[in-house]
Every structure is written in C-alpha cells, then in structure tokens.
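Residues per chain are reported as follows:
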Amino acid sequence: MSTPTDRSRSLDVVVVGAGFGGLYALHRLRGLGLSVRVYEAGSGVGGTWYWNRYPGARCDVESLEYSYSFSQELEQEWDWSERYAPQPEILRYIDHVADRFDLRRDIQFDTRVTAAAFDETLGRWRVTTDQGDDVSARFCVMATGCLSAATTPDIPGLQSFQGDWFHTGQWPHEGVDFSGKRVGIVGTGSSGIQSIPVIARQASNLVVFQRTPNFSLPARNEPLAPDAQAQVKAGYGALRDAARGSFSAIAVSAPTELALEVDPAERRRRYEAAWARGGLMSMTTTFRDLILDKAANDTAAEFIRSKICEIVDDPDVARVLTPTDHPFATKRPCLDTGYFETFNRDNVTLVDLRQTPITEIVPTGIRTTGGVHELDCIVFATGFDAMTGPLLRIDIRGRGDRPLRDKWSAGPRTYLGIATAGFPNLFILTGPGSPSVLSNMVMAIEQHVDWIADCLSYLGAHGLDAIEATVDAEDAWVDHVNQLAGATLFPRANSWYMGANVPGKPRVFLPYVGGFPQYRSTCDAVAAEGYRGFGLTAAAAAAERP
Ligand SMILES: Cc1cc2nc3c(=O)[nH]c(=O)nc-3n(C[C@H](O)[C@H](O)[C@H](O)COP(=O)(O)OP(=O)(O)OC[C@H]3O[C@@H](n4cnc5c(N)ncnc54)[C@H](O)[C@@H]3O)c2cc1C
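A brief report on the enclosed structure follows.

Thresholds, definitions, all that
- Residues numbered from 1 in each chain as written.
- Predicted model: local features only at pLDDT ≥ 70, side-chain atom pairs only at ≥ 80, totals over all residues.
- Heavy atoms only, no water.
- Helix = DSSP H or I, 4+ residues; strand = E, 2+ residues; numbered from the N terminus.
- Buried < 20%, exposed > 50% of the residue type's maximum accessible area, 1.4 Å probe, protein only.
- Contact = heavy atoms within 4.5 Å.
- Areas by Shrake-Rupley, 256 points an atom, 1.4 Å probe, with all protein chains shown as cover.
- Phe/Tyr/Trp six-rings, centres within 6.5 Å; stacked < 30°, edge-to-face > 60°.
- Axes fitted to C-alpha atoms, helices over the stretch in contact; angles between N-to-C directions.
- Parallel < 35°, antiparallel > 145°, perpendicular 65-115°, else oblique.
- Nonpolar A, V, L, I, M, F, W, Y, C, P; charged D, E, K, R; others polar.
- 1 Å grid on protein atoms, 1.4 Å probe; cavity = no way out; pocket = protein on both sides within 12 Å on 5 of 7 lines; lining within 4 Å.
- Points joined across faces, edges and corners; volume = space filled by probe spheres on them.
- Salt bridge = Lys/Arg side-chain N within 4 Å of Asp/Glu carboxyl O.
- Core = buried A, V, L, I, M, F, W, Y, C linked by side-chain atoms within 4.5 Å.
- Pairing = 2+ DSSP bridges.
- Near = heavy atom within 4 Å.
- Polar contact = N/O pair within 3.5 Å; in protein donor to acceptor, adjacent residues only side chain to side chain.
- Expected span 1.5 Å × (residues − 1).

Check the secondary structure of the protein and you find 18 helices and 20 strands. When the 546 residues of the protein are sorted by exposure, 57% land in the buried category. Taking contacts inside the protein between residues at least 6 apart in sequence as the whole, the part at least 24 apart equals 72%. Carbon and sulfur atoms form 50% of the exposed surface of the protein, whose accessible area is close to 21,400 Å².

Shown next, in the form of structure tokens:
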C-alpha cells in the first residue's frame, strides 16, 4: 500500500470532489485500507450545498430521505428542522458528516483537478491540479457532481455592467442584500423558481427574464414535528428499503393505474389531492403512464396549467407563465413556495424572452428587443452543463492518450454510467447512463460507492489491478439507455437532461430511465457474474494491452 507524503505522492485512489459523493467514497475506500486523497475545488465540503447559497435554496427530496443511509447512528443523531431543509442546514449536516467520520484529513481544498491521464506503462493514473500537485493513483473516482459546472449565458456586454452580477450556483458566501435594489433574474428553472419569491420580498423591483415557462408544484414545506420525525427514525430501515425498491429511490408506492382509465372527475380529485400534499412525487406518481403516454401526460399538464391560471391575477402574465411546449415532467419539475403568487406583486415584472429576446447587457441593465430594463443587480439562474460538463472540463485521457472529450464528442458513452471503455480504473459517480438525476441522488451515490468499494475489494482478493469496461458491453448499454429513453416522453423537451441548455452540446438523453431498482439489480448481477462486461487484468497485463 502506498503512503502519501507530499505533492507528488503515490496513492491507491484519487477522488475528485467533496460533495455527498466524494465524502462517502473517501469513507468507504479508506475503510478498505486504501490510501485515498480527495481534491476539492471549493474551500469546504458539501459540493452542491457549498456552492448554491442563493436565497431560497433547499432540497426538493424530503430531508429525511435526502440524507445518507450508510450509518444508523448518523441517521438517529441528526434532526432535520423542515420537510425540505434549507441549504445552510444541509451544509451543516455535510460538515457534521465530515467531522464525525474524520474525513477532512484526507481532503485537499481549494484545489481543482485539471488533468488525469492513464499511464499505460505503469497502469496508473497521473493526476495534476491547479495547485501544482502531480500524483499517481491506481484508481480515480470522479465525484465531480452532475450539477456542478455552472453556465452563464454568453450575452454581449456583461463585462460592461456597472452593477453586481451573480450566478445562483456560485453564490457569495457572505450573502447578498437586495434591499432597495432593482434586480433582474435570468432563468426560471429550479434555482430561479426557488429564489424569485425570496428576492421579490427584498428587492425594490424584480424583473424576471423568462425564456421557457416551467411546470412547478407546491412544495408545502413545513417544520418537521419532533414526534413525526421520531416515528420515521423508529422505522428508518424500512423507509430506506422502500426507497431502494422504488423507481426514483424515494419511498413512494408505485402507481398502478393509467390516467385515462379513471373518469375525469376522479382524475381531477386525485390531482387536487396531490397538489394539496405537495412535493415532487405526489403529482408524478399519480398515474403510471404520465411520462409514457402524451394523452395521459396532457391531463396532468392541463391540471397544472389551470392552477397557474387560478393563482396568477393578470391573465396575460398567467399565459406567459404557462408551459405549453413540453410535456409535464420531461424537464425536471420544480418545487416552489409561492412562485406563481409572486407575479401578483406590484414590484415584480415578467419579461417574455420569446417575444422580446435579450440583445445585450448595457452598463445600466439588460436590453431586450423591447427596450432597456434598468437594474442594480443581475442574477443568473441559468443552471449547469449537466452530467458531462464537470468531467469534460477536466482533461481526462485514457489509453493511447485519447481525450475523453473526443470519445464523448457525440455524447457520453458509458457502461452502467460508472465506467467508460478505454479508461481503465476510472469510476464515475452518478454518471450519464445511470439513474442519477432522475433519483434521490444520495441513494444513487451510496449505491455507486458501495458497488465501487465491492469491486476494489474483489480486485484485491483476486490479485487483480485493473478493471475496464469492454466496448461491446458499453455499446449494448448505450443502446439500452437510448431505447428506454426513446420509449418515454423525455426526448420531447429541450431540457438539460437532453443537453439542450448548452449551445453545441450533443442532444442525447443523459440519465438511465429504467428506474433505480432495475438499475441496481443489473449492477449487482454484473458484479455477481465476476464483473460481466468488464475486462479484469493484473497490472502487468493491463500495461501490455494494446
Ligand atoms: C440547487 C440544487 C438543489 C438540489 N436538490 C436536490 C434534491 O433535493 N435531491 C436530489 O436528489 N438532488 C438534488 N440536487 C442534485 C445534487 O447535485 C445532488 O443531490 C448531490 O448533492 C450531488 O453530490 P455529488 O457529491 O455527486 O456532487 P456535488 O455536490 O456537485 O459535488 C461535486 C464537487 O466536485 C467538485 N469538483 C468538480 N470538478 C472538480 C475538479 N476538477 N477538481 C476539484 N473539484 C471538483 C465541485 O467543486 C463540487 O464541490 C440538487 C442540485 C442543486 C444544484
């Protein structure tokens, strides 16, 4: 085993990223007796919850589920304050995890991994960072996150803006006081929809620049009553098992009925009940064909549209806010607290960028084809280069010095979303081709990390040093992932799931849509069959392969 001593050390595993994924990977792999080093670009742990400090940021999977399940003690000792914890609380939780499991001593903060190259002679990865680290590792675990590469639109004139501008995904740690300010916010995805009601209450004026109206559901966030929380904790294991057995790794019963099987009045009653309960799953799991059959989907979409129309006072504003160009849930549905109501405020203006697109940013504000909106601050809630962005921003090179950027130029190719042929001993957490962003991601992360830990134990126990996805297995997996996606309504939306929010990004549906249980049993079967679809070799042989 290697012992790390300095900036040119030799390690068993390099982990990139210290969010939920990187921290659990460190904990598990260190537990196997491996030397592990984590590199994290931020100054602290938390990943998503370290960077996204915008007003209103919170999870949209309920906190009791959006948390680690690997330690019963941790589950029992941590109390959540609300149904959906706000960002500061989630960050406190992750900080607590880092301390409780003594993780910080193996994490190097303020360090961005810039390149990782597989040395075929040594059968090892050479990893370099922007801080001058140049380390060698047998394995790389890319815990770089799916939503960590923030994208700011390329609008001419941004540098001329005399006010302050921010991206929700890179929010200043000291917070921003919008009191008395004229604020413009660009983007109405999840981050925009969470922050708009909060910013509107503080700013003197808020101008919302909307390109695509989104379906948003009420969160119905509320304090978590101690006795209700105690009850969940008393049966936490059962809740986690139910989550593992459900499509999105969230403990809900799978719907059995088709939307058009029930009569319209009953259907409406169920949608009303789901709306009243709030949350992502209540509406998406009302019927089992909502994401498969357009006619079924239309019934849910129409219901939500009718709600927008009821809530928003001005019919013209309501019309602009109403999504009509994509089926419900084919973009990640948003959860909100008073989003549509916010447009009834006197200090909030909605700008429809489909009618009056932005032409430039000027020193005093944003110019659209309709004129200049004078602003003191601009907030970009414009999201991320999802799933592939964080990986492709690193110069990753596999066999034959082949860049991952080349290999994935027409879209990502993985086996199980966890490995890619030609890049031995490189593991991707919640990568493209795995359930990932379609699931409770903490569960998805734990499943991947556990699988990787078992895999490394297996290699060790069998005197093997290298594992690499075969091209055949990868091709078959990519076909399978595409076929599943093609049978759903997902490809009909210009969503970040499809890469459509990033100019020039290949249009490919990124996550695996077959559901978490199906995916997990496939991964388990692959492992049980001696890592079917992977080539396993001893180090010397790996180095010799063409
Ligand atoms: C606002 C917001 C709300 C969300 N809410 C939910 C939710 O309710 N439920 C849910 O399931 N998911 C949610 N997600 C998805 C969320 O990203 C995951 O749940 C989870 O936090 C991902 O953890 P991770 O460790 O995989 O990645 P991240 O938390 O993204 O961490 C990745 C880390 O890698 C670091 N990194 C990246 N590249 C490099 C590099 N080259 N060198 C060094 N470090 C690097 C980044 O700085 C980052 O800290 C949300 C995402 C956002 C943005």
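Resuming the write-up.
This next bit is on the packing of aromatic side chains. Within a pair of aromatic rings, the relevant descriptors are the distance that separates the centres and the angle that separates the planes. By the definition in use, this model includes 36 aromatic pairs. With 4.6 Å between their ring centres and 25 degrees between their planes, Y24 and F70 make a pair best called stacked. Of this pair, Y24 sits in helix α1 (residues 20-31) while F70 sits in the loop between α2 (48-51) and α3 (72-77), and the two are 46 residues apart along the sequence.

A few words now on the packing of helix α15 (residues 441-461) against helix α17 (residues 516-528). In the contact formed by α15 and α17, the axes pass within 11 Å of each other and the chain directions differ by 5 degrees. The angle between α15 and α17 places the two elements in the roughly parallel class. Mapping the contact onto sequence places M443, A444, Q447, H448 and W451 in α15 and F516, Y519, R520, C523, D524, V526 and A527 in α17. Classifying every residue of the contact of α15 with α17 gives 8 nonpolar, 2 polar and 2 charged.

To continue, consider empty space enclosed by the protein. Inspection of the entire model under this criterion finds 4 cavities of 30 Å³ or more. Its volume calculated, the largest cavity comes out at about 50 Å³. Lining the largest cavity, in full, are L64, S67, Y68, L74, E75, W78, W80, Y93, K233, Y236 and R240. Those elements giving two or more residues to the lining of the largest cavity turn out to be α3 and α7 (236-244). A breakdown of the residues in the lining of the largest cavity according to their chemical character gives 7 nonpolar, 1 polar and 3 charged.

Counted according to the given criterion, the structure contains 36 salt bridges. Between D60 and R332 there is a salt bridge, with its nearest N and O atoms 2.8 Å apart. Linking D60 in the loop between α2 and α3 with R332 in the loop between α11 (315-321) and β11 (334-336), this pair joins segments that are 272 residues apart in sequence.

On to the nonpolar core, then. In terms of nonpolar packing, the biggest core is built from 117 residues, with F20, L416, W451 and F534 touching the most fellow members. The element contributing the most residues to this core is α15, with 9 residues.

On to the sheet that holds strand β12 (residues 348-352), then. Reading across the sheet, the 5 strands line up as β7-β16-β8-β9-β12 and stay open at both edges, with parallel pairing between neighbours. Two strands lie at the open edges of the sheet, namely β7 (164-167) and β12, each paired on one side alone. The sheet shows a mean angle of 20 degrees between the axes of neighbouring strands, taken without regard to direction. Two strands pair when backbone bridges link them, and strand β9 (residues 205-210) and β12 are joined in this way by 5 bridges, in the parallel orientation. The residue of β12 that forms the bridge with V208 is L350. Where helix α5 (residues 190-202) meets the sheet, it contacts β8 (182-186), β9, β12 and β16 (377-380), and its direction lies at approximately 170 degrees from that of β8.

Within this model, the second largest pocket holds a volume of roughly 770 Å³. For the second largest pocket, the lining is made up of 35 residues, of which F247, S248, M281, T284 and I291 are closest to its centre. Considering every element that reaches the lining of the second largest pocket, the biggest residue donor is helix α9 (residues 280-284), with 3 residues. Among the residues making up the lining of the second largest pocket, the classes are represented as 22 nonpolar, 11 polar and 2 charged.

To continue, consider the site of the ligand. Around the ligand, a shell composed of 33 residues is seen, among which E40, T48, D60, Y66 and M441 lie nearest. A distance of 3.1 Å separates a nitrogen atom of the ligand from a polar atom in the backbone of A41. Within the contact set of the ligand, a nitrogen atom lies 2.8 Å away from a backbone nitrogen or oxygen of V113. Considering the ligand on its own, with 980 Å² of exposed area, one finds that the protein chains cover 95% of that surface. For the shell around the ligand, the elements supplying multiple residues, two or more each, are α1, α2 and α15. With 3 residues, the top contributor of residues to the shell around the ligand is α2. Class assignment of the residues belonging to the shell around the ligand gives a composition of 17 nonpolar, 13 polar and 3 charged.

One open sheet accounts for 3 strands, arranged β13-β14-β15; its pairing is antiparallel. Only two strands of the sheet have a single neighbouring strand rather than two, namely β13 (358-362) and β15 (371-374). Strand-to-strand, the axes of this sheet are offset by a mean angle of 25 degrees, without reference to chain direction. Relative to β15, strand β14 (residues 365-368) runs antiparallel, the two being bridged by 4 bridges. Bridge pairing in β15 links G365 to E374.

This next bit is on the pairing of strand β5 (residues 124-129). β5 sits mainly inside the fold: 5 of its 6 residues count as buried. Bridge count between strand β4 (residues 113-119) and β5: 6 bridges; the pairing is antiparallel. Counterpart to A115 in the pairing with β5 is T128. Hairpin connection, β4 to β5: the antiparallel pair is bridged by 4 residues, and G123 has positive phi, about 65 degrees.

So, on to α15. The end-to-end C-alpha distance of α15 is 30 Å, a good match for the 30 Å that 21 residues give at a rise of 1.5 Å each. A large share of α15 lies buried, amounting to 15 of its 21 residues. A positive backbone phi angle near 65 degrees is found at G463, which sits one or two residues after α15.

Note that all results are geometric; they support no functional claim without further evidence.
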